[in-house]
Amino acid sequence: MNSILSALALPMHLPQAAGPMEQFEIHRLAPLSLGNIDVSFTNSSLWMMIATGAAVIFFSSATRARALIPGRMQSIAEVLYNFVADMVRGAIGPEGMKFFPYVFTLFIYILLANLLGLLPSIPGVSHTFTTTSHIAVTFGLAMLTIAIVIFYGFYKNGLGFLKLFVPSGVPPWLLPLIVLIEFVSFLSRPLSLAIRLFANMLAGHIILKVFAGFIISLLGAGGVVSAIAIFPFLGTVAITLLELLVAFLQAYVFAILTCIYLNDAVNVGHH
Amino acid sequence: MTETADMQEPPAKKTGKGHDSSDLEQFSARLDAVRGARAGKEDTGGVRDKAVGAGFRLASELLAAVIVGLALGLGIDAVADSAPFGLLIGLFIGFATGLRNVAVAMKTGNAADNEGESAQTDQS
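Residues numbered from 1 in each chain as written. Chains lettered and ligands numbered in written order. Predicted model: local features only at pLDDT ≥ 70, side-chain atom pairs only at ≥ 80, totals over all residues. Heavy atoms only, no water.

It is worth spelling out the side chain of Asn267 of chain A at this point. All names here are of chain A. Inspection of the secondary structure assignment puts Asn267 in the segment after helix H7 (230-266). Residue classification places Asn267 among the buried residues on the basis of a relative accessible area of 14%. Polar side-chain contacts of Asn267 include one of 3.4 Å to the backbone oxygen of Ile92. Here Asn263 takes part through its side chain, which lies 2.6 Å from a polar atom of the side chain of Asn267. Leaving out residues up to four positions away in the same chain, Asn267 has contacts with Ile92 and Glu95. (Helix = DSSP H or I, 4+ residues; strand = E, 2+ residues; numbered from the N terminus. Buried < 20%, exposed > 50% of the residue type's maximum accessible area, 1.4 Å probe, protein only. Polar contact = N/O pair within 3.5 Å; in protein donor to acceptor, adjacent residues only side chain to side chain. Contact = heavy atoms within 4.5 Å.)

Residue and element names in this part refer to chain A. Side chains of Leu115, Val225, Ile228, Ile230, Phe231, Phe233, Leu234, Val237, Leu241 and Leu244 sit close together on the surface and give an oily, nonpolar patch of about 890 Å² of accessible area. Take the nonpolar patch: its biggest share by element is 7 residues, from H7. Residue class for Val225 comes out partly exposed when judged on its relative accessible area of 36%. (Patch = residues over 30% accessible without salt bridge, like charges linked within 9 Å, V, L, I, M, F, W, Y side chains within 5 Å. Areas by Shrake-Rupley, 256 points an atom, 1.4 Å probe, with all protein chains shown as cover. Salt bridge = Lys/Arg side-chain N within 4 Å of Asp/Glu carboxyl O.)

Residues and elements named next belong to chain A. Considering all chains together, one arrives at 14 aromatic pairs over all chains under this definition. Ring plane angle 40 degrees and centroid distance 5.8 Å describe the contact between Phe83 and Phe248, whose orientation is recorded as tilted. Taken together, the residues span a long stretch of sequence, with Phe83 in helix H3 (residues 72-92) and Phe248 in helix H7 at a distance of 165 residues. The partly exposed category is assigned to Phe83, whose relative accessible area is 29%. Taken together, the ring pairs connect Phe58, Phe59, Tyr81, Phe100 and Phe104 into an aromatic cluster. (Phe/Tyr/Trp six-rings, centres within 6.5 Å; stacked < 30°, edge-to-face > 60°.)

Here's what the structure looks like:
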């Protein structure tokens, strides 16, 4: 096996050595600690900063011209703005535009984190890391959304916000059970948001890695079997395209569900 | 759908301009043909992707509710020292909530799809 691979001039430290889960490992780049808490700067932190930095650089350069007739960059920025603005207005109504900055930031950050995670790693130069493939990150984002819903809901509606747990038109004898179920359902929202994004990203990257691994294994087998390697190669190309779609779709789903949950806080009992 | 409808309107307005309008009509006919063919392809792909997305959404709704129910049950067990009963009732409530979440998610998902379709037919 080794001799065939070296004959093919394939470096051995490529996918052969790396298992499908290795891409999700977190490495400390700069160890830091705050008391007993480990706050090291990790590869995850690095890629979060890259995503944030890319968003800031893109939008500041796209909006610098402020042209009446937008150029290419400005057009992309305007399309993104309109896309999210329509989503917020559609789900919450005009009143919801006060949440636009939050939803827009969330959408762009998740979209960029997902897309940046799809960049191939270059051995020795960069090691791509998908921050949204970790439930700690997605659960943090989800909890932020739910915290805003709870605080704004009580701030705007007072205790009337609790009507959220009492759907109208339920027979009184069923009410205790329904309220309990609605309460558990509310608690499950951040978890379901977090699980959906994290599971999509994790599954997609594992499938990509496994398919790419098949190529190496089949090439390594040599002879006629090597010719079959074209199929996992085509599969990898197809899955990469699918993952581009998933990267966008999951950012969209996270943002639209954030809007739907914010709508509960803004318009209690109006739906 | 709406885009093709928009494309057909301009030639009708410019009927005074002889061959220009026929060129435009030809072009719009070709454009419609290409768009129609492409729209068909996108639709079949869209249905499959939508199904995968919906599957993930429903699965996460159900899973999250069961986990929350389980955690609440275990929490009550730990506080009230009611060993297996909190867990059992919590799991049951969690599962019921999961089914309720899935039902709501499917209803809202279908409603959104129907709204999109009716909006498209209204404009055409």
